Amino acid sequence: MTPLLKVQNIAKFYGGRIGCTDVSFDLYPGEVMGIVGESGSGKSTLLNCLAGHLAPDRGEVLFETRSEGMKDTVTMSEPERRMLSRTDWAFVHQHARDGLRMNVSAGGNVGERLMAVGARHYGDIRDQAIDWLGRVEINESRVDDRPTQFSGGMQQRLQIARNLVTGPRLVFMDEPTGGLDVSVQARLLDLLRGLVREMGLSAIIVTHDLAVVRLLADRLMVMKDGHVVETGLTDQVLDDPQHAYTQLLVSSVLQV
Amino acid sequence: MSDYNFAYLDEQTKRMIRRAILKGLAIPGYQVPFASREMPMPYGWGTGGVQVSAATLTPDDTMKVIDQGADDTTNAVSIRKFFEKTAGVATTEETAEASVIQTRHRIPEEPLREDQILVYQVPIPEPLRFLEPSEVETRKMHSLEEYGLMHVKLYEDISRHGAIATSYAYPVKVEGRYVMDPSPIPKFDNPKMEMAAIQLFGAGREQRIYAVPPYTQVVSLDFDDYPFEATKADAACDLCGAEDSYLDEVIMDDAGGRMFVCSDTDYCCSRRKAGFVGAKGTAFEEDAA
Amino acid sequence: MIEITNLSKTFTLHNQGGVVIPVMQGANLSVARGQCVALTGASGAGKSTLMRMIYGNYLAASGSILVDGVDVTKAEPREILQLRRETLGYVSQFLRVVPRVATIDVVAEPLLAVGVDGDAARARARDLLSRLRIPERLWSLSPTSFSGGEQQRVNIARGFAHEYPAMLLDEPTASLDAANRETVLTLIEEAKARGAAIVGIFHDEAARDRVCDREIDVSVYTPQAA
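Residues numbered from 1 in each chain as written. Chains lettered and ligands numbered in written order. Predicted model: local features only at pLDDT ≥ 70, side-chain atom pairs only at ≥ 80, totals over all residues. Heavy atoms only, no water.

## Some thoughts on the overall build of chain B
Each helix and strand counted, chain B has six helices and twelve strands in total. The globule rule puts the C-alpha radius of gyration for 289 residues at 19 Å, and the 19 Å found for chain B is close to it. Considered along the principal axes of its C-alpha atoms, chain B spans approximately 60 × 55 × 35 Å. In chain B, which comprises 289 residues, the share counted as buried stands at 53%. Sequence-distant contacts, at least 24 apart, represent 61% of the contacts inside chain B between residues at least 6 apart. (Helix = DSSP H or I, 4+ residues; strand = E, 2+ residues; numbered from the N terminus. Rg over C-alpha atoms; globule rule 2.2 N^0.38 Å. Buried < 20%, exposed > 50% of the residue type's maximum accessible area, 1.4 Å probe, protein only. Contact = heavy atoms within 4.5 Å.)

Structure representation (structure tokens):
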């Protein structure tokens, strides 16, 4: 099996400050990797470098493209990269309003990616949008409502539908459950787990919530001050942390 | 005449605008930025079209100005007088007589010829603007041909109204490349844009010029199952009886009385002169109206 | 099936002055197909630690753990995950699930993960849940709200859903009533009969004597405190 994503020595600097540095890993099809660390640890910088939102100062992000095999997304042309981000990639933002068009109906939001890749049959687009709303547990009757009329959890589910409708192979998630009530979080996590398994998705999830990674991620990468301090199987890293920082992180979780 | 440079603008400004026009013609549908000047009229009254006309006119030209198809509305009259005064060119209300036609919101009914230029006044040149507020992003979308968003707008129309309700400023794709706002002409006029004349578009406030060269492919965007339709009111002109022209609905009284008349006044007049009479019309007299 | 050679384990507590605690040294263990081996020793001797190391949950300091030919101490996360999915089952003492997921789906999940279709997986889940006497009216509810004993039985059902060639059982019969204890022991015997290699911790001596072929006293591998 070849990796879907091969990250080699990624570094990003903000002037003299380190955003993230010396990050390398392979992600295989179907794998879900969590990146944890506190605010400012470089996890979001890393995610943005991987997803093509930020240009890293060093390193390669090789992606197994459908037509040309392994290709460095850092150096590929912008149209090609943007095409990837509309088709094979998905990005779920922490704040749904960053990932949705708030003045466009739920159906239009889900349909946009289809239209962006050339779908021109209204009926088909709408059917697919409704199908996806159902898969993220949004009632068909809401298809023409705008996201502004949705609750936070529904907005987040709509964002997921919008991202997954084109059948991506790699999903980037930035604190997907951040800011949601715990009950809503649980529902979203369950949904994400189901979709990841059904669609065989690979995913990279940035979060500071260790409970979220324990449930969603197969593997874990712990970051501190822009460096990766520990990696491994999620439960191994959480139950038998080796690095001082990871031990501190794990022991700092409040018990309920 | 000695008080004004020919056609109001100084020669350097006209050269700058002509360069923008030529670039626009070279890249059909592409919005060329230009250094729009202050004109002696408010934005929204045709400052872009006036500047393009000024850079286009020669002393031998004959100019026609229409607003919503009419030669006799305030805006049309003012702009026509402006050029009479600042350029000393001949003016006309007859489409066939004109070599340069400045228009707001209409394309004349009579097909234009290769020796004519149609200048549009454009309020908002960016067709993607209402869905994507960032100019940086819309420019990138144009350069990368990412036009999915344009269909989102049409999708929204159908989901809300059961049909594509956009009835003016209906987006088009020019020569298979750039998506373009045709200015707020009724979509009835869209098919006419594949024409023999040169079409120039000027947006003064937004500082953009774009163009469609003669015989260029102009396709109105649509869905396979909701094809584009060039619609008009389902009636004939009550003055001249024309069934093929775009109509204005005129409310006559408080009792629901109304009539439909050609929005293109020259077209209507010339038909009436030729003896056509509509349902509520009377035979044409030179001094009527 | 399970082959452990010269295994050792230390914990380093970085946040408590960097104390290094050696907990296991020179452990060896071999379990063949169809065998059940019990780990014995006093509390704190390292029974659970050893089980967790076999499962890849704890990192080994040195030595090797071969499960069906895969060295867990050196394998990539995805290799360990594949091993856990297909080969190595683990029934822990505690149930850990996503809130909100129905019991029947919790039990069926390991089968879905290896590609069994939904209907067949749920049929197997129903069979196990009824054998373990979980009332049918609870099947559609999330086990997070169940009593401790019910949760444990759901956990066992989940652990036995897929027929793993190797299994780790941590106190599978603790706090079960006689009837359910009998069911669990039968499940273990069935697993052995189909050739599963089993490592277990049983405080229940009668249960241990009934299903285990050998006992390993883990305390012999406990390093003497310096």
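## Looking at the sheet that holds strand β2 (residues 62-67) of chain B
One key point about sheets: their strands pair by backbone hydrogen bonds, in either a parallel or an antiparallel sense. Residue and element names in this part refer to chain B. Strand order in the open sheet formed by seven strands is β1-β9-β8-β5-β4-β2-β3, and the pairing between neighbours is mixed. Each end of this open sheet is capped by a strand with a single partner; those strands are β1 (32-33) and β3 (90-91). For β2 and strand β4 (residues 100-104), the ladder comprises five bridges, and the chain directions are parallel. Among the inter-strand pairings, D67 is bridged to a residue of β4, identified as R104. Docked against the sheet, helix α2 (residues 47-56) engages β2, β4, β5 (117-121), β8 (198-203) and β9 (208-212), running at close to 130° with respect to β8. (Pairing = 2+ DSSP bridges. Axes fitted to C-alpha atoms, helices over the stretch in contact; angles between N-to-C directions.)

## Here's the deal with the packing of helix α5 (residues 148-161) of chain C against helix α6 (residues 178-193) of chain C
Residue and element names in this part refer to chain C. Orientation of α5 relative to α6, taken along the N-to-C sense of each, is 15°, at an axis distance of 12 Å. Considering the angle they form, α5 stands roughly parallel to α6. Classified by chirality, the crossing of α6 by α5 is left-handed. Of the residues in α6, those touching α5 at R153, I156 and F160 are N180, V184, L187, I188 and A191. Residues belonging to the contact of α5 with α6 are distributed by class as follows: six nonpolar, one polar and one charged. (Parallel < 35°, antiparallel > 145°, perpendicular 65-115°, else oblique. Left-handed = near helix turned anticlockwise from the far one by under 90°. Nonpolar A, V, L, I, M, F, W, Y, C, P; charged D, E, K, R; others polar.)

## Describing the interface of chain A and chain C
The figure often quoted for interface size is the accessible area lost as the parts come together. Contact residues are listed per partner, giving 24 residues for chain A and 24 residues for chain C. Carbon and sulfur atoms supply 53% of the area buried between chain A and chain C, which totals about 2,200 Å² over both sides. In terms of surface lost to chain C, no three residues of chain A exceed R197, L233 and D240 of chain A, which account for 25% of the buried area on that side. Our count for the chain A to chain C interface comes out at five salt bridges. The residue R193 of chain A makes a salt bridge to E109 of chain C at a minimum N-O spacing of 2.6 Å. The interface formed by chain A and chain C contains twelve residue pairs in polar contact (both at pLDDT 80 or more). When contributions to the side of chain A that touches chain C are tallied by element, the ones reaching two or more residues are α7 (182-199), α8 (210-216), β10 (227-233), α9 (234-239) and α10 (244-251) of chain A. Residue contributions to the side of chain A that touches chain C peak at five residues, all from α7 of chain A. (Buried area = accessible area lost by both parts, 1.4 Å probe. Salt bridge = Lys/Arg side-chain N within 4 Å of Asp/Glu carboxyl O. Polar contact = N/O pair within 3.5 Å; in protein donor to acceptor, adjacent residues only side chain to side chain.)

## Notes on the sheet that holds strand β8 (residues 197-201) of chain C
All names here are of chain C. The strand order β6-β7-β8-β3-β9 describes an open sheet built from five strands, whose pairing is parallel. One side of each edge strand has no neighbouring strand; the edge strands of this open sheet are β6 (88-91) and β9 (214-217). Sheet twist, expressed as the average angle between the axes of neighbouring strands with direction ignored, equals 20°. Alignment of β6 against strand β7 (residues 166-170), held across four bridges, turns out to be parallel. Following the sheet pairing, G89 is matched in β7 by M167. In the packing of α5 onto the sheet, contacts are made with β6 and β7, and the angle to β6 comes to roughly 175°.

## Concerning the interface of chain B and chain A
Counting residues at the interface gives 22 residues for chain B and 22 residues for chain A. Taken together, the two surfaces of chain B and chain A that pack against each other cover about 1,900 Å², and 55% of this comes from carbon and sulfur. Considering only the side of chain B, the residues that lose the most area to chain A are L144, E146 and Y155 of chain B, jointly responsible for 28% of the buried surface there. Linking chain B to chain A there are five salt bridges. Note that E78 of chain A and K140 of chain B form a salt bridge whose closest N and O atoms lie 3.2 Å from each other.

## A few points about the nonpolar core
Residues and elements named next belong to chain C. Residues F160, I188 and F202 are the most contacted members of the largest nonpolar core, which totals 111 residues. Discounting residues that sit within four places of it in the chain, F160 has contacts with V91, R124, L128, M167, L169, L187, I188 and A191. Core analysis: the second largest hydrophobic core is formed by 35 residues, V23, M51, I54 and Y221 among them. (Core = buried A, V, L, I, M, F, W, Y, C linked by side-chain atoms within 4.5 Å.)

## Focus: the packing of α2 of chain B against helix α3 (residues 74-86) of chain B
Residues and elements named next belong to chain B. At a closest axis distance of 12 Å, the pairing of α2 and α3 adopts a crossing angle of 30°. Between α2 and α3, the interaxial angle falls into the category roughly parallel. The interaxial crossing formed by α2 with α3 has right-handed handedness. Counting all contacts with α2, which are made through V50, S53 and A54, the residues of α3 involved are I79, F82 and F83. Classifying every residue of the contact of α2 with α3 gives five nonpolar, one polar and no charged.

## Re the confidence of the model for chain A
Taken as a whole, chain A shows an average pLDDT of 91; of its residues, 99% reach a score of 70 or greater. By mean pLDDT, the top-scoring element of chain A is strand β1 (residues 5-14) of chain A (96), and the lowest-scoring one is α7 of chain A (81). (pLDDT = per-residue confidence, 0-100.)

## A word on the environment of I27 of chain B
Within the secondary structure, I27 of chain B sits in the loop between α1 (11-26) and β1. Spatially, the C-alpha atoms of I27 of chain B and E175 of chain B are 9.5 Å apart, while their sequence positions differ by 148 residues.

## Points about the pairing of β10 of chain A
Residue and element names in this part refer to chain A. Relative to β10, strand β9 (residues 219-224) runs antiparallel, the two being bridged by six bridges. In the strand pairing of β10, M221 is matched with T231. Hairpin connection, β9 to β10: the antiparallel pair is bridged by two residues, and D225 has positive phi, about 50°.

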